[in-house]
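The primary structure of each chain is shown beneath.
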Amino acid sequence: MNSTNGKQDKPVITAKIDGFFLVFYNIAVFLGRFFREAFRPPVEWGEFVRQCYQVGYKSLALVTVTGFITGVVFTEQSRPTLSEFGVTAWLPSLVAIAVVRALAPLIAALICAGKVGSSIGAELGSMKVTEQIDAMEVSAINPFRYLVVTRVTAMTICLPLLMFYNALIGCLGSYIDVHAHEQTSLISFFDNAFAQITFLDYTTALTKAILYGFTIGIVSCYQGWNASQGTMGVGKAANVSVIVSMFLIFIEEVIIVHVFNSIR
Amino acid sequence: MKENNHQVDRNNAVIKIRDLYKSFGDKHVLQGIDLDLYKGENVVVLGRSGTGKSVLIKIIIGLLKQDAGTVNVLGEDVDQLKDADLRELRLKVGFSFQSSALYDSMTVGENLAFPLQRNNRSFTKDQIRKTVDIVLEAIGLPDTINQLPSELSGGQKKRIGIGRTLILRPEIMLYDEPTAGLDPITSMELNKLIIAVKERFNTSSIIITHDLTCAKEVGDRVAVMDEGKFIQTGTFDEVFNEKTGLIKSFYDYNFIQ
């Protein structure tokens, strides 16, 4: 295709394919830089703790509410079917298996992708377009280590904690519902619930949460770090952070479930 | 008027730029730039918007890489340095952004303390506080320490941006449009600050601007850039005695209109 200035331009489809692979290359470079910087001293402890507070503590309220509602609703929805077969006594273990194996990691991850991922994308994007990241560079500060490594690490560590907390609150919500209908005691409920949970279930959940946390951190930081085009770019960075994180989380969910089921 | 008490050392070039080229796609921004900045000297780079002035100082500090040519700062070729060495060099070169680029989540005091904390981890809180106070006093804003950038005027932000670079005691200062977007009185105050910085901190500076008053006030030497090249260099009077082409347009716009 010839452009107006007479130069030979690439066809649109070729340019798009090039762009697609360029994004993968840039992500690989970004990941490589993360692993290179993450294990080099000095560690930015102050910023890391601040990010743990932002990611973990500030997400607690949302994780509590969603975990509790999930537990109650899942119990309410499962009861009629189990009643038909006269096995409502299975409710605690059914809820525990569903929550630990699937619901808690996914819910905690989706909440963090929406709440924290968008915030990281917007914050870094805003710093990028207002030259605050360049200002760190020229002050002989390593902005990647200070901004990216701390956020990704905090996300990777805090998401498993939020996930286990979410699972516990989900079971608590379920217990309240079961206690109200079946008058089951707390000890009996949790005995039944956790009797069916194996070490592999905990390992699966932990693996998922670590991977989801890392994914959200990397995707959000990558989007923010590469933001351009002023305020529009900041909005785009926040938006794309959430969409891509969620998309990757679901893909990872499918892969991890298949891998661990083959081990089981 | 300029109050230059420090002698320019013509035998000691702290920045040497030779045959510098930089393009962005089809746009050739720098096309063979040569420049020496001598110790104790203020060089003003004048030119229209989009002529590559900011690109030039971003290459000097290593934020951008040139396509061809060499940039030697304090004896080091910037594009040849490893990350750690580049960081060492940046401790000696201050960069004042056009937008000030203050960290908007930090107070003024935290903005100033931040480079010091990260680069001098042995500094105590008292030492940091004392250094911040000295710099705030030097830039004439001692009462802003607890204010956020959003609470400052444009001129104050520029001053704090300069202060943040001074906290590391650089040998060279790079100013990107220090008076852009400011009223004439605030611009005049900024010009005085740039001269005061040179006097008090013994710096050599490159000042990027399109403001002729700024160039006249702060520059020991002026280099006029057009289409990626220097078309005229010399003292302000030498350059503007011969008012032709771009230089005439600049002069007319700044001093007649």
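Residues numbered from 1 in each chain as written. Chains lettered and ligands numbered in written order. Predicted model: local features only at pLDDT ≥ 70, side-chain atom pairs only at ≥ 80, totals over all residues.

Student: Please explain the overall build of chain A as it appears in this structure.
Tutor: For chain A, the helix and strand inventory stands at nine helices and zero strands. The N-to-C order of helical and strand elements in chain A reads α-α-α-α-α-α-α-α-α. Overall size of chain A, expressed as C-alpha extent along the three principal axes, is 80 × 45 × 35 Å. Each of the 264 residues in chain A was classed as buried or not, and the buried ones make up 42%. For chain A, restricting intrachain contacts to residue pairs at least 6 apart in sequence, the fraction spanning at least 24 positions comes to 87%. (Helix = DSSP H or I, 4+ residues; strand = E, 2+ residues; numbered from the N terminus. Buried ≥ 20, exposed ≤ 12 C-beta atoms within 10 Å, placed from the backbone. Contact = placed C-beta atoms within 7 Å.)

Student: What is the right way to look at the interface of chain B and chain A in this model?
Tutor: Many authors give the size of an interface as the accessible area that is lost as the parts come together. The partner chain A presents 10 residues to the 14 residues of chain B that form the contact. Of all elements in the fold, only α2 (83-90) and α3 (108-119) of chain B reach the threshold of two or more residues within the side of chain B that touches chain A. Among the residues making up the side of chain B that touches chain A, the classes are represented as nine nonpolar, two polar and three charged. (Nonpolar A, V, L, I, M, F, W, Y, C, P; charged D, E, K, R; others polar.)

Student: Explain the domain arrangement of chain A to me, please; I cannot follow it from the model alone.
Tutor: Residue and element names in this part refer to chain A. Each domain of chain A was delimited in the assignment, giving domain 1 (11-40) and domain 2 (44-263). Computed over C-alpha atoms only, the centres of domain 1 and domain 2 are separated by 26 Å. Residues that form the side of domain 1 that touches domain 2 fall into these classes: five nonpolar, no polar and two charged. (Domains from an automatic or database assignment.)

Student: Just checking my understanding: could you explain the sheet that holds strand β7 (residues 172-176) of chain B for this structure?
Tutor: Pairing between the strands of a sheet comes from backbone hydrogen bonds, and it takes one of two forms, parallel or antiparallel. Residues and elements named next belong to chain B. Across the sheet, which stays open at both edges, the six strands sit in the order β6-β7-β8-β3-β9-β10 with mixed pairing between neighbours. For this open sheet the edge positions go to β6 (93-96) and β10 (229-234), each flanked by a neighbour on one side alone. On average, adjacent strands in this sheet sit at an angle of 15° to one another, irrespective of strand direction. The pairing of strand β3 (residues 42-47) with strand β8 (residues 204-209) spans five bridges and is parallel. Bridged to Asn42 within β8 is Ser205. Those strands touched by helix α6 (residues 184-201) are β3, β7 and β8, and its axis lies near 165° from that of β8. (Pairing = 2+ DSSP bridges. Axes fitted to C-alpha atoms, helices over the stretch in contact; angles between N-to-C directions.)

Student: Help me understand the nonpolar core in this model?
Tutor: Generally speaking, nonpolar side chains in soluble globular proteins are found buried as a group. Formed by 127 residues in total, the largest nonpolar core has its most connected members in Ala104, Ala108, Cys112 and Leu159 of chain A together with Val45, Ile60 and Leu174 of chain B. Those residues in contact with Leu159 of chain A that sit more than four places away from it in its chain are Ala108, Ala109, Cys112, Ala209, Tyr212 and Gly213 of chain A. (Core = buried A, V, L, I, M, F, W, Y, C linked by C-beta atoms within 7 Å.)

Student: Looking at this structure, I do not really get the domain arrangement of chain B. What am I missing?
Tutor: All names here are of chain B. For chain B, the domain assignment lists domain 1 (1-92 + 173-189 + 204-257) and domain 2 (103-169). Of note, the centres of domain 1 and domain 2, computed from C-alpha atoms alone, are 26 Å apart. In this assembly, seven residues from domain 1 lie in contact with six residues from domain 2.

Student: What is the right way to read the packing of helix α6 (residues 143-182) of chain A against helix α8 (residues 199-225) of chain A from this model?
Tutor: Each packed pair of helices is defined by two parameters, the angle between the axes and the distance between the axes. Residue and element names in this part refer to chain A. For the pair α6 and α8, interaxial distance at closest approach is 8 Å and the crossing angle is 150°. Comparing the axis directions of α6 and α8 gives the class roughly antiparallel. Regarding α6 and α8, the two cross each other, and that crossing is right-handed. Between α6, through Val148, Arg151, Val152, Met155, Thr156, Cys158, Leu159, Pro160 and Met163, and α8, the contact on the second element is made entirely by Ala205, Leu206, Ala209, Ile210, Tyr212, Gly213, Phe214, Ile216, Gly217, Ile218, Cys221 and Trp225. (Parallel < 35°, antiparallel > 145°, perpendicular 65-115°, else oblique. Left-handed = near helix turned anticlockwise from the far one by under 90°.)

Student: Just to check I follow, could you spell out the pairing of β6 of chain B for this structure?
Tutor: Remember that side chains alternate between the two faces of the sheet whenever the strand is regular. All names here are of chain B. The alternating pattern of β6 places Val93 and Phe95 and Gly94 and Ser96 on opposite faces, both of which are buried. For β6 and β7, the ladder comprises four bridges, and the chain directions are parallel. Along β7, the bridge assignment pairs Phe95 with Leu174.

Student: Can you walk me through the packing of α8 of chain A against helix α9 (residues 230-263) of chain A in this structure?
Tutor: All names here are of chain A. Look at α8 against α9: their axes get within 9 Å of each other, and the N-to-C directions meet at 155°. In terms of their interaxial angle, α8 and α9 are classed as roughly antiparallel. For the pair α8 and α9, the crossing hand works out as right-handed. Two secondary-structure elements touch here, α8 through Leu200, Thr204, Thr207, Lys208, Leu211, Tyr212, Thr215, Ile216, Val219, Ser220, Gln223 and Gly224 and α9 through Ala237, Val240, Ser241, Val244, Ser245, Leu248, Ile249, Glu252, Glu253, Ile256, Phe260 and Ile263.

Student: Honestly, the confidence of the model for chain A in this entry has me stumped. Any pointers?
Tutor: On average, residues of chain A carry a pLDDT of 91, and 96% of them reach 70 or more. Taken together, the stretch residues 1-7 of chain A has pLDDT below 50 and engages in four contacts with residues farther than four places along the chain or on a different chain. (pLDDT = per-residue confidence, 0-100.)

Student: Quick question: what am I supposed to make of the environment of Lys39 of chain B here?
Tutor: Residue and element names in this part refer to chain B. Topologically, Lys39 is positioned in strand β2 (residues 27-39). Between the alpha carbons of Lys39 and Ile15 there is a distance of 8.7 Å; along the sequence they are 24 residues apart. In this structure, Lys39 is in contact with Asp9, Asn12, Val14 and Ser204, ignoring residues within four places of it in sequence.

Student: Looking at this structure, I do not really get the sheet that holds β2 of chain B. What am I missing?
Tutor: Spatially, the four strands line up as an open sheet ordered β2-β1-β4-β5 (chain B), and their pairing is antiparallel. What marks the edges here is a single partner per strand, and that holds for β2 and β5 (76-77) of chain B.

Student: Is there a simple way to explain the environment of Ser96 of chain B in this structure?
Tutor: With respect to the element layout, Ser96 of chain B can be found in strand β6. Between the C-alpha atom of Ser96 of chain B and that of Lys158 of chain B, which follows or precedes it by 62 residues, the distance is 7.8 Å.

Student: Which parts of the structure should I look at to understand the pairing of β7 of chain B?
Tutor: Residues and elements named next belong to chain B. Of all five residues making up β7, five are buried, and the element is well covered by its neighbours. The alternating pattern of β7 places Ile172, Leu174 and Asp176 and Met173 and Tyr175 on opposite faces, both of which are buried. Read from β7 through α6 to β8, the crossover connection turns out right-handed. (Right-handed = clockwise from strand over helix to strand, strands pointing away.)

Student: What am I meant to see in helix α4 (residues 125-138) of chain B here?
Tutor: Note: α-helices contain 3.6 residues per turn, so residues at a spacing of three or four share the same orientation. All names here are of chain B. The end-to-end C-alpha distance of α4, which contains 14 residues, comes to 20 Å, matching closely the 20 Å that a straight helix rising 1.5 Å per residue would cover. Listed as buried for α4 are Val132, Val135 and Leu136. Taken end-on, α4 shows its buried residues confined to a sector of 100°, consistent with a single buried face. In α4, those exposed residues whose orientation departs by more than 90 degrees from the buried face are Asp126, Gln127, Lys130 and Glu137. Contact partners of the buried residues in α4: α3 and α5 (154-166). Directly beyond the C-terminal end of α4, a positive phi value near 75° is found at Gly140. (Expected span 1.5 Å × (residues − 1). Arc of directions from axis to C-beta.)

Student: It is not clear to me how unusual backbone geometry should be interpreted in this structure. Could you clarify?
Tutor: All names here are of chain A. Cis rather than trans, the peptide bond between Pro41 and Pro42 has omega equal to 0°. Position of Pro42 relative to the elements: it lies in the loop between α1 (12-38) and α2 (45-55). Even without being glycine, Gln183 reaches a positive phi, approximately 50°. Position of Gln183 among the secondary structure elements: in the loop between α6 and α7 (186-195).

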